[in-house]
Amino acid sequence: MSEPTTKDLLAQAAERFPDEVVTQAHVRHLELPGAGRFALVTLDNGFDHTKPSTFGPRSLGHLDAALDQVEKEAADGEIIGVGITGKPFIFAVGADLKGVELLARREEALAIGRGGHEVFSRLRSLAVPTFAYYNGAAMGGGVEIGLYCTYRTVSASVPAFALPEVFLGLVPGWGGCTLLPDLIGADRAVTVIIENALNQNRQLKGAQVFELGIADALFEAADFLEQSLAWTAAVLRGQLEVARPQVDRGEAWDLAVARGREIADSKVHGAAPAAYRALELISAARGGDLRQGFAAEDEALADLIMGGELRAGVYAFNLVQKRGKRPVGAPDRSLARPVSKVGVVGAGLMASQLALLFARRLEVPVVLTDVDQERIDKGVASVHGEIDRLLTRGRVRPDQANRLKGLVTGHLDKAAAFGDADFVIEAVFEEMGVKQQVFAELEAVVRPDAVLATNTSSLSVSEMAAKLAHPERVVGFHFFNPVAVLPLLEVVRAEATDDASLATAFAVAKKLKKTAVLVKDAPAFVVNRILTRFMGEIQNAIDEGTPWDVAERAVEPLGLPMSPLVLLELVGPAIGLHVSQTLHDAFPERFTVSRNLAAMVRAGKRGFYVHDSGRPELDPEVLALVEQGDTVLTGEQVRARVLDAVAQEIGLMLDEGVVAEAQDIDLCLITGAGWPFHLGGVTPYLDREGVSQRVNGKPFLEPGVASVPAV
């Protein structure tokens, strides 16, 4: 009995994936002036731009059929070239991950890799030149199909162009790891495939795609296809020659791979295989043997698809893309009131960040106040300075910069500043009495329907609003620092908060482009409560006698974005101590206050490290403050204590109803604390490791929610 062909295996995969949204490949013919008859293939799944075109097994079959047609036309001399483009605003975004999740056997996973290679490779073997026109968003396989073409153009308006596979636990396995370094060199390929992916899936814009050499020409969006076709005609007539720089295949290639390994080590610490498999493929691509490179990509894809990292990454991706856009428990959006002016109480660093965000996203007037004019002027100047930096980096146009500066002002008189504001947020010192006083002053001057929000990180919102005549309009609106970078926004419903105020808060969060999660008014809410318990166990181990470096490195196998002590330095020891004290007051049996952290804060130390050598080293002055016991734990023991504590705390939070479901815990940690995608969220990780069962007697998630197949 003969072995099944790749087409046979793709057909079997299609049977397992009946719900595939099929992308058609429509062929039409154009006459290019002075060149001849040209075939243009358009990828289109029949939906608007909110559902991007993808490549599942049936979609690959449709593309294959379209290439049958143009291959015959090219062989018969009926066409002089072939182009490929996408529907409006979308080129294509790669493999359909819903189908990848359903693959049950390695042979099927291998067929997906081979199927993509075989179909896409036909573009390289046509008897005529081929052109890719990146007219809109392109990711994964959408980027890769263009790499098989002879030439590429890109629209200046492309908002997102990336190879995100390593971010999700895969490799660019339809030619990306082999063809991209061959086109632009290993170092630039490492930037796109490894560095950007591990930096929270950083996206390229159209101009960057051209600057990197991925595209040969850049055109404006208004007439992108027309300009691309005119450019194509000039190339085919021989009037335009495309010159590309020679790729350095010497020592520079090895240095690029070494740089990629350093990036991977710093981001995932060897805990996730995808980045390292991608680097192996890039290294092997140095020889230029495409057949060998594609075969190696097939094997890597098959291994990773059947492994746990991809399933975890897909679970995390779906949380962010779906649950993050439709907050569970949010009131009906029709209840939200319009917001045409925002007030910010405070003019410090956090307040300035908030003011800039509100002005950029809502495009409404934003007014800051503080205790004196000097602080207000400093805060407004800080916002204006950030706008100037955005202008310098090309993130805003000159007219936008001027408009934004005009929107952000300051005023010493709260009544004059906030009398006509619809939404006022306080960002003052984290002390209950101060915040209650601020809200009392605000209630006396704002309109009856204005929403009052607090950016508190740990204090009770209900207590903050308790002395007001109208506590129903107070909501928690907890941002994470840096505000412009971290997507999470914990929206806190206090005991008296009404639906209209809460709906308004969620509507504002959506306009701010934040991932909003509804949380109960509980001590430190979600992220800070879990991180404080996590950090508390490490600090306890140090206080008890475990060496700093052992405790610090105990959680390295998790591949967290930064070490615990570096994270504490970023947050600020004083803030960390304050949150620890708040949680200790609420739950003294589980949360401790580290005497060594308290000593460091009293000494005015900003962190545990000095950076004089260019790398973090423990500050000897801090070490001199440390008082340790004589209980020394191993790294494995510290890690077990940390994970057990986190599992216990999450179980208690779910019992208390702090969030609706465990998935909300995962969403909060992924978007607010940088919990790695390759772990798929904290609760499925604890389930996979057996910690949930050991600590709580049951897993957090139902079977299949974040499933990992047996390898």
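About the criteria used
- Residues numbered from 1 in each chain as written.
- Predicted model: local features only at pLDDT ≥ 70, side-chain atom pairs only at ≥ 80, totals over all residues.
- Heavy atoms only, no water.
- Helix = DSSP H or I, 4+ residues; strand = E, 2+ residues; numbered from the N terminus.
- Rg over C-alpha atoms; globule rule 2.2 N^0.38 Å.
- Buried < 20%, exposed > 50% of the residue type's maximum accessible area, 1.4 Å probe, protein only.
- Contact = heavy atoms within 4.5 Å.
- pLDDT = per-residue confidence, 0-100.
- Pairing = 2+ DSSP bridges.
- Lys, Arg positive; Asp, Glu negative; His and termini not counted.
- Salt bridge = Lys/Arg side-chain N within 4 Å of Asp/Glu carboxyl O.
- Expected span 1.5 Å × (residues − 1).
- Polar contact = N/O pair within 3.5 Å; in protein donor to acceptor, adjacent residues only side chain to side chain.
- Axes fitted to C-alpha atoms, helices over the stretch in contact; angles between N-to-C directions.
- Core = buried A, V, L, I, M, F, W, Y, C linked by side-chain atoms within 4.5 Å.
- Phe/Tyr/Trp six-rings, centres within 6.5 Å; stacked < 30°, edge-to-face > 60°.
- Lys NZ or Arg CZ within 6 Å of the ring centre and 35° of its normal.
- Left-handed = near helix turned anticlockwise from the far one by under 90°.
- Nonpolar A, V, L, I, M, F, W, Y, C, P; charged D, E, K, R; others polar.
- Patch = residues over 30% accessible without salt bridge, like charges linked within 9 Å, V, L, I, M, F, W, Y side chains within 5 Å.
- Areas by Shrake-Rupley, 256 points an atom, 1.4 Å probe, with all protein chains shown as cover.
- Charge placed at Lys NZ, Arg CZ, Asp CG, Glu CD.
- Parallel < 35°, antiparallel > 145°, perpendicular 65-115°, else oblique.

## Observations regarding the overall build of the protein chain
Here's step 1: Within the protein chain, the regular secondary structure consists of 31 helices and 19 strands.
Here's step 2: Expected size for 711 residues packed as a compact globule is a radius of gyration near 27 Å; at 28 Å, the protein chain falls within 12% of this value.
Here's step 3: C-alpha atoms of the protein chain, sized along the principal axes, occupy 85 × 60 × 50 Å.
Here's step 4: Expressed as a percentage of the 711 residues in the protein chain, the buried residues total 55%.
Here's step 5: A separation threshold of at least 6 residues defines the contact pool for the protein chain, and within that pool the share at least 24 residues apart is 75%.

## Quick notes on the confidence of the model for the protein chain
Note: predicted coordinates in regions of low pLDDT should not be interpreted at a detailed level.
Here's step 1: Taken over all residues, the pLDDT of the protein chain has a mean of 91, while the share at 70 or more is 97%.
Here's step 2: Segment residues 707–711 is flagged for pLDDT under 50; beyond a separation of four residues in sequence, or across chains, it makes nine contacts in the model.

## What about the sheet that holds strand β4 (residues 90–92)?
Here's step 1: The strand order β4-β6-β8 describes an open sheet built from three strands, whose pairing is parallel. Here the strands that pair on one side only, and so sit at the sheet edges, are β4 and β8 (161–162).
Here's step 2: As paired strands, β4 and strand β6 (residues 137–139) are joined by two bridges and run parallel to one another. Residue pairing in the sheet places Ile 90 in a bridge with Ala 137 of β6.

## A look at the side chain of Glu 165
Here's step 1: Secondary-structure assignment places Glu 165 in helix α6 (residues 165–168).
Here's step 2: Buried charged residue Glu 165 carries no salt bridge. Nearest counter-charge: Arg 277, at 14 Å.
Here's step 3: For Glu 165, the contacting residues outside a window of four places in its chain are Gly 140, Gly 141, Glu 144, Leu 170, Val 171 and Pro 172.

## Quick word on helix α16 (residues 373–392)
An α-helical turn contains 3.6 residues, so a residue and the one three or four places further along point in the same direction.
Here's step 1: Taking 1.5 Å per residue as the helical rise, α16 with its 20 residues ought to reach 28 Å, and the 28 Å between its terminal C-alpha atoms agrees with that figure.
Here's step 2: Ile 376, Gly 379, Val 380, Val 383, Gly 385, Ile 387 and Leu 390 are the residues of α16 that are buried.
Here's step 3: Of the surrounding secondary structure, the elements contacted by the buried residues of α16 are α15 (349–362), β11 (366–369), α17 (398–407) and β12 (408–410).
Here's step 4: Measuring from the side-chain oxygen of the N-cap residue of α16 to the backbone nitrogen of Glu 374 gives 3.2 Å; that N-cap residue is Asp 372.
Here's step 5: Directly beyond the C-terminal end of α16, a positive phi value near 75 degrees is found at Gly 394.

## Examining the sheet that holds strand β14 (residues 451–454)
Here's step 1: The sheet built from eight strands is open, its strands ordered β12-β11-β10-β13-β14-β15-β16-β17 with mixed pairing. Whereas interior strands pair on both sides, the edge strands pair on one side only; in this sheet they are β12 and β17 (515–520). Pairwise comparison of adjacent strand axes, ignoring direction, gives a mean angle of 25 degrees for this sheet.
Here's step 2: The sheet contact formed by strand β16 (residues 488–493) and β17 spans six bridges and is parallel. Counted as the bridge partner of Leu 488 is Thr 515 from β17.
Here's step 3: Packing against the sheet, helix α19 (residues 432–443) makes contact with β10 (342–345), β13 (423–426), β14 and β15 (474–479), and its axis sits at approximately 165 degrees to β14.
Here's step 4: Contacting β16 and β17, helix α29 (residues 662–673) runs over the sheet at an angle of about 130 degrees to β17.

## Structural notes on the pattern of salt bridges
Here's step 1: According to the stated counting rule, one finds 40 salt bridges in the structure shown.
Here's step 2: Residue Lys 405 is joined to Asp 388 by a salt bridge in which the shortest nitrogen-to-oxygen separation is 2.5 Å. Taken together, the positions of Lys 405 in helix α17 and Asp 388 in helix α16 put the pair 17 residues apart, joining distant regions of the chain.
Here's step 3: For Lys 405, a relative accessible area of 24% gives the class partly exposed.
Here's step 4: In this structure Asp 388 comes out as partly exposed when scored by relative accessible area, which is 33%.
Here's step 5: It is possible to trace a salt-bridge network through shared partners that takes in Arg 529, Arg 533, Glu 537, Glu 544, Glu 589, Arg 590, Arg 641, Glu 649 and Glu 656.

## Re the nonpolar core
Here's step 1: Grouped together as the largest cluster of nonpolar side chains are 169 residues, with contacts concentrated most on Leu 63, Ile 193, Ile 194 and Leu 686.
Here's step 2: In terms of residue count, the dominant contributor to this core is helix α8 (residues 186–198) (eight residues).
Here's step 3: Not counting the four nearest positions on each side in its chain, Ile 193 is found in contact with Leu 163, Val 166, Pro 172, Gly 176, Cys 177, Leu 180, Ala 278 and Ile 282.
Here's step 4: Core analysis: the next-biggest nonpolar cluster, separate from the first, contains 44 residues, Val 344, Val 364, Leu 368 and Ile 376 among them.

## So, the packing of aromatic side chains
Here's step 1: Enumeration over the complete set of coordinates arrives at 19 aromatic pairs.
Here's step 2: Between Phe 55 and Phe 120 the ring centres are 5.5 Å apart and the planes differ by 70 degrees, which places this aromatic pair in the edge-to-face class. Linking Phe 55 in the loop between β2 (36–44) and α2 (57–75) with Phe 120 in helix α4 (residues 106–125), this pair joins segments that are 65 residues apart in sequence.
Here's step 3: Owing to a relative accessible area of 3%, Phe 55 belongs among the buried residues under this scheme.
Here's step 4: Over the ring of Phe 47 we find Lys 51; its NZ or CZ atom is 5.6 Å from the centre of that ring.
Here's step 5: One Lys or Arg, Arg 590, reaches over the ring of Phe 587 and ends 4.5 Å from the middle of that ring.

## Considering the environment of Leu 170
Here's step 1: Its place among the elements puts Leu 170 in the loop between α6 and α7 (176–184).
Here's step 2: Once residues lying within four places of it in the same chain are set aside, the contact partners of Leu 170 are Glu 165, Ala 274, Leu 301, Leu 304, Ile 305 and Leu 310.

## Comments concerning the packing of α4 against helix α13 (residues 290–305)
Relative orientation and spacing of two packed helices are given, respectively, by the angle between their axes and the distance between those axes.
Here's step 1: The interhelical angle for the contact between α4 and α13, taken along N-to-C directions, is 145 degrees, at an axis separation of 8 Å. You can see that α4 and α13 cross each other, and the crossing is right-handed. For the pair α4 and α13, the contacting residues are Arg 106, Ala 109, Leu 110, Gly 113, Arg 114, His 117, Ser 121 and Arg 124 in the first and Leu 290, Phe 294, Glu 297, Asp 298, Glu 299, Leu 301, Ala 302, Asp 303 and Ile 305 in the second.
Here's step 2: Of the residues contributing to the contact of α4 with α13, the split by class is seven nonpolar, three polar and seven charged.

## Considering a positive patch on the surface
Here's step 1: Together, Lys 205, Arg 361, Arg 393, Arg 395 and Lys 513 make up a positively charged patch on the protein surface.
Here's step 2: Here Arg 361 shows up in helix α15.

## A look at the packing of helix α22 (residues 527–544) against helix α24 (residues 564–571)
Here's step 1: Running from amino to carboxyl end, α22 crosses α24 at an angle of 125 degrees, the nearest separation of the two axes being 11 Å. Considering the angle they form, α22 stands oblique to α24. In this structure, α22 meets α24 at a crossing whose hand is left-handed. Taking contact as the criterion, the partners of Leu 531, Phe 534, Met 535, Ile 538 and Gln 539 in α22 are, on α24, Pro 564, Leu 565, Leu 567 and Leu 568.
Here's step 2: Residues belonging to the contact of α22 with α24 are distributed by class as follows: eight nonpolar, one polar and no charged.

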